[in-house]
Amino acid sequence: NKLKEAQAIMDEARKTFHKAPGGTDHLTLAEGTLCLKRRDVKRALAVLKTIRASSELYMTAKVKMAEIYLNHRKQKHLYVGCYRELAQKHPTLHNRMLLGKAYMRIQEPEKAIETYEAARKAMPDQDSKLSRVIGSALAAMHDYTKACQYYETAVHAAPEDLKLAADLATLYRRLTDFDSATRVVMTSLQAYEGKSKAQTEDDLIAKVRLYRILADISRDAEDQEGLIASLQKARHLQKTILNSGRGAMTGERLREQTKVATELCYDLGNAHSSDLEASRQFYDLALQHDEGHKKSLITLAKISLAQGEVERCEQQCAQLLQVDPDNKEALSMLADIIFRKGELDSAAKCFQQLLQRCPTEFNALSRLIDLLRRGGEIDRVKPYIEAAKNTGSMASFDAGVYYCEGLFLSYT
């Protein structure tokens, strides 16, 4: 934020590079950015407008201007106008797609579809890609029947396009048309396997997504066997992705794929809920990918508590509270464990900590009332009851408030 020093460097750069090929436009773009940093929006726009359509930086300047119009001036028509001008002067597929996305961003899907349709007529060789974005836009308008038709056209033209198949299958699943969703996934996988080409990392990621969609369909249809089979296939592919790409992936992409692996292990743990040992193993595998995975930790803690493994449950709750100090389920279980041990003061503190974060945790409040009664400090409950009453206009009429207040009055 040393703007004076930045301007001095800019002035010096203009003197040095004013004759360099293309140097002026680079400096103009930088000056526009500097003006925006100074909150001189008018000057920033005036500077950026001087970059001509013949410049290689014309597109960059127009995109920057569009963002200024939308975010600083709230002028949606001028925001779209930048992309419209860009598409008119350089009618490439990329620029037409940018215009369509701009319309979608300002909640004008009808105009986005018109833009995509015009591009589709002008570029028939891009029919598959444009049908996909038209389908997405129609889905945003809730015209699901037409959206499915466009997606089906695109899938028919490129049956081995796994990402496209995943979009259509997801849409069919949202419409609870499970048969069509399954058909799209299986047809796409078969078409892809029929092509003799090496699997790329993106292909594997798309296949994982398809198997996860199949798992979701099986879950919706209460097909436990199909659910486990699809999740296992997805997990096997995900292991391949992580093992082969760990050294080459960027940090963000690696985090994304590790998250997918964690979720697959967690989902498999849930799918094996009737077999606690197998379920535990999958939750543990999830924690190997992400040692702070909240859902796995809390589920493992519940299993440990249900099986009477109190110390193990306590460790898991403590581990979870390191990641999420406000986790009410962990605080409640930890307080319950401490209460069972007879450490009443520590249990009371734990319940108080929970109620400070969540005043309407009535189970914790009723336990605190009992603890403070035993310690002869029942009057200390009043602020917690009042806090529960003040959480909303109708909170005073909540059954939990009535119960806890009645319990408190019975002891006084």
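Quantities reported herein were computed from a predicted structural model and do not represent experimental measurements. (Residues numbered from 1 in each chain as written. Predicted model: local features only at pLDDT ≥ 70, side-chain atom pairs only at ≥ 80, totals over all residues. Heavy atoms only, no water.)

Some words on the side chain of aspartate 336
Structurally, aspartate 336 can be placed in helix α18 (residues 328–340). Under the relative-accessibility criterion, aspartate 336 is labelled buried at 13%. Of the polar contacts made by the side chain of aspartate 336, one reaches the side chain of arginine 367; its length is 2.7 Å. If we ignore the near neighbours within four places in the chain, the residues touching aspartate 336 are Phe351 and Arg367. (Helix = DSSP H or I, 4+ residues; strand = E, 2+ residues; numbered from the N terminus. Buried < 20%, exposed > 50% of the residue type's maximum accessible area, 1.4 Å probe, protein only. Polar contact = N/O pair within 3.5 Å; in protein donor to acceptor, adjacent residues only side chain to side chain. Contact = heavy atoms within 4.5 Å.)

Quick look at the packing of aromatic side chains
Counting across every chain of the model gives two aromatic pairs. Judged by centre distance (5.5 Å) and plane angle (75 degrees), the ring pair of tyrosine 79 and tyrosine 83 falls under edge-to-face. One end of the pair is tyrosine 79 and the other is tyrosine 83, both in helix α5 (residues 76–89) and four residues apart, which spans about a single turn. Residue class for tyrosine 79 comes out buried when judged on its relative accessible area of 2%. Owing to a relative accessible area of 7%, tyrosine 83 belongs among the buried residues under this scheme. Judged by centre distance (5.7 Å) and plane angle (45 degrees), the ring pair of tyrosine 266 and tyrosine 283 falls under tilted. Of this pair, tyrosine 266 sits in helix α14 (residues 251–271) while tyrosine 283 sits in helix α15 (residues 276–289), placing them 17 residues apart in sequence. Of the two residues examined, tyrosine 266 and tyrosine 283, each falls in the buried class. Taking NZ or CZ as reference, arginine 373 lies 4.6 Å from the ring centre of tyrosine 411, over its face. (Phe/Tyr/Trp six-rings, centres within 6.5 Å; stacked < 30°, edge-to-face > 60°. Lys NZ or Arg CZ within 6 Å of the ring centre and 35° of its normal.)

Section: a nonpolar patch on the surface
A grouping of Met394, Phe397 and Tyr402 is seen on the molecular surface, where their side chains present a nonpolar patch of about 380 Å² in accessible area. Inspection of the secondary structure puts tyrosine 402 in helix α22 (residues 399–410). Residue classification places tyrosine 402 among the partly exposed residues on the basis of a relative accessible area of 48%. (Patch = residues over 30% accessible without salt bridge, like charges linked within 9 Å, V, L, I, M, F, W, Y side chains within 5 Å. Areas by Shrake-Rupley, 256 points an atom, 1.4 Å probe, with all protein chains shown as cover. Salt bridge = Lys/Arg side-chain N within 4 Å of Asp/Glu carboxyl O.)

None of this, on its own, says anything about what the molecule does.
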